[in-house]
Every structure is written in structure tokens, then in C-alpha cells.
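# Coordinate inspection notes
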Amino acid sequence: NRGQSVEAYLELFPQAKIHSIEPHPVPFAELQQRYAEHPTVQAECFALGAEPGRATFHAADLSEVSSLLAPDPLVVKRSVNDTYRHQEIEVEVDTLQAFAARSGIEHIDVLKLDVQGAELQVLEGAAELLREQQIDLLFVEVMFAANYSGQCYLDELWTHLKDYGYVLWDLFPFLHTRAGRLWTGNSIFVSPRLAGQLDPR
């Protein structure tokens, strides 16, 4: 988005090379300006997905809830302050696999995904990276209740990553509906190699 996660990761890993991808042009402009002079941060304006091309992007007034997916009608109805009011714009889409190849990225230590329900699409576009376990750790937003039309849920994400040997390491619930139902959270998945280092048998 605007670099919130970039700031957090730079505090933890000051020498890290960070590739920050944001398809919404408004927060991207802020992100790009914020890190224009930073030698290890590269900002890119496109969306990650299952296949390269162009797609409709739902650019919300509250940019953090923007997505390739349309917001669920019930969520729109129940939201306050028109949180999910949006414009449909066309954006470039590429796969993580292709982006890594053209950027010369052979290994990813941490992949942070917060793409508002489209996480599975991104992972489908990273099949070879996952198969070769070139991603050590995935920090992924997960959904437990309807938020976007066609979104993926935790069970789908978990099944997909288990097929590549990845281990669900932890969950961090952080948002509940007004009725008290778990709505969204974050998950950590680790590669078999990293799991073996963290928890040797």
C-alpha cells in the first residue's frame, strides 16, 4: 500500500532488498515518493495474479480494501462510511514467477501477501517458486467470512500450500464482524527446509 510494511521490514532487516508491489495508483504514488531515494526498496505499480495480462481492479476510496475482486454485496451493505465505494480501473497484471525472473530474484526470504481475497491467484502464478521451495516464509492475509466475491478462504490456501510441502506455522486473528465472528487474520507458512531448521526432529 503506502509503505507501512516496508517500514516495518526495514526496521527488522535494514539491509534487506524489498520489492513492493501496489496496483492502486494513488497509494503507489505515495509509496514511490516515500522510497524514491532508498537504495534497497523498489516500488512497482501492477497487480500480481495467476496469469499476465490486464484486469479490472476495484480501486476503493479506502485504498487498503481495494482488490482485483469485487466487494461482497453484503459487506458493502453493512459497511459504514462507504468503506467499499470504489471505481473500476484497468491495471496490468503479472505473475510472481515472471516478476522474479525479470528482476533476477532467485530466492525470496519473506513473501508478504495482502491482496484482499486474491491470495490464491497470486500463489497460482508462483507455482515453480513454490515447487522449488524458493520462498522460505509466506506471511499471508486469510479470510474466514465473506468479504469479496470469489475470495479464497484459509482452507483453500492451506490445501494449496500443503501440496508444495509448506507448513502452516501460525495464525493471527485480527478482525471480527459485529456479531463476533472471526473475519480476517494473518497466517505464516514456512517451507519444509525452514520448518526443519526451526523445529528439528
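Relevant structure appears above.
Computed from a predicted structure; not experimentally measured.

Looking now at the sheet that holds strand 6 (residues 108-113). Strands sit in the order 6-7-9-8 across an open sheet of four strands; the sheet is mixed. Bordering the open sheet on either side are strand 6 and strand 8 (167-176), each of which pairs with just one other strand. With strand direction ignored, the average angle separating the axes of adjacent strands in the sheet is 15°. Pairing of strand 6 with strand 7 (residues 135-143), which is carried by five bridges, proceeds in the parallel orientation. Counterpart to I108 in the pairing with strand 7 is I135.

Another point: the nonpolar core. Ranked by internal contacts, the top residues of the largest apolar core, which has 26 residues, are L96, L111, L123, L130, I135, L138 and L161. For this core, the secondary-structure elements that each account for two or more residues are helix 4 (96-102), strand 6, helix 5 (119-124), helix 6 (127-131), strand 7 and helix 7 (154-162). Ranked by residues supplied to this core, first place goes to strand 7 with four residues. Apart from the residues lying within four places of it in its own chain, the contact partners of L123 are L111, L113, L130, L138, L157, H160 and L161.

The phi torsion at Q116 lies on the positive side, around 50°, for a residue other than glycine. Following the sequence through the fold, Q116 ends up in the loop between strand 6 and helix 5. Within the chain, Q133 stands out as a residue other than glycine whose phi angle is a positive 55°. Position of Q133 relative to the elements: it lies in the loop between helix 6 and strand 7. Looking at Q133, the relative accessible area reads 27%, which means it is partly exposed.

By way of backbone hydrogen bonds, the strands of a sheet pair with one another, either parallel or antiparallel. Ordered in space as 3-5-4, the three strands form an open sheet in which the pairing is mixed. The sheet is open, and its two borders are formed by strand 3 (47-48) and strand 4 (53-60), each paired with just one other strand. Summarising the sheet, strand 4 and strand 5 (residues 86-94) pair through eight bridges and their orientation is antiparallel. Residue pairing across strands places G53 opposite V93, the latter belonging to strand 5.

Definitions and cut-offs
Residues numbered from 1 in each chain as written. Predicted model: local features only at pLDDT ≥ 70, side-chain atom pairs only at ≥ 80, totals over all residues. Heavy atoms only, no water. Pairing = 2+ DSSP bridges. Helix = DSSP H or I, 4+ residues; strand = E, 2+ residues; numbered from the N terminus. Axes fitted to C-alpha atoms, helices over the stretch in contact; angles between N-to-C directions. Core = buried A, V, L, I, M, F, W, Y, C linked by side-chain atoms within 4.5 Å. Buried < 20%, exposed > 50% of the residue type's maximum accessible area, 1.4 Å probe, protein only. Contact = heavy atoms within 4.5 Å.

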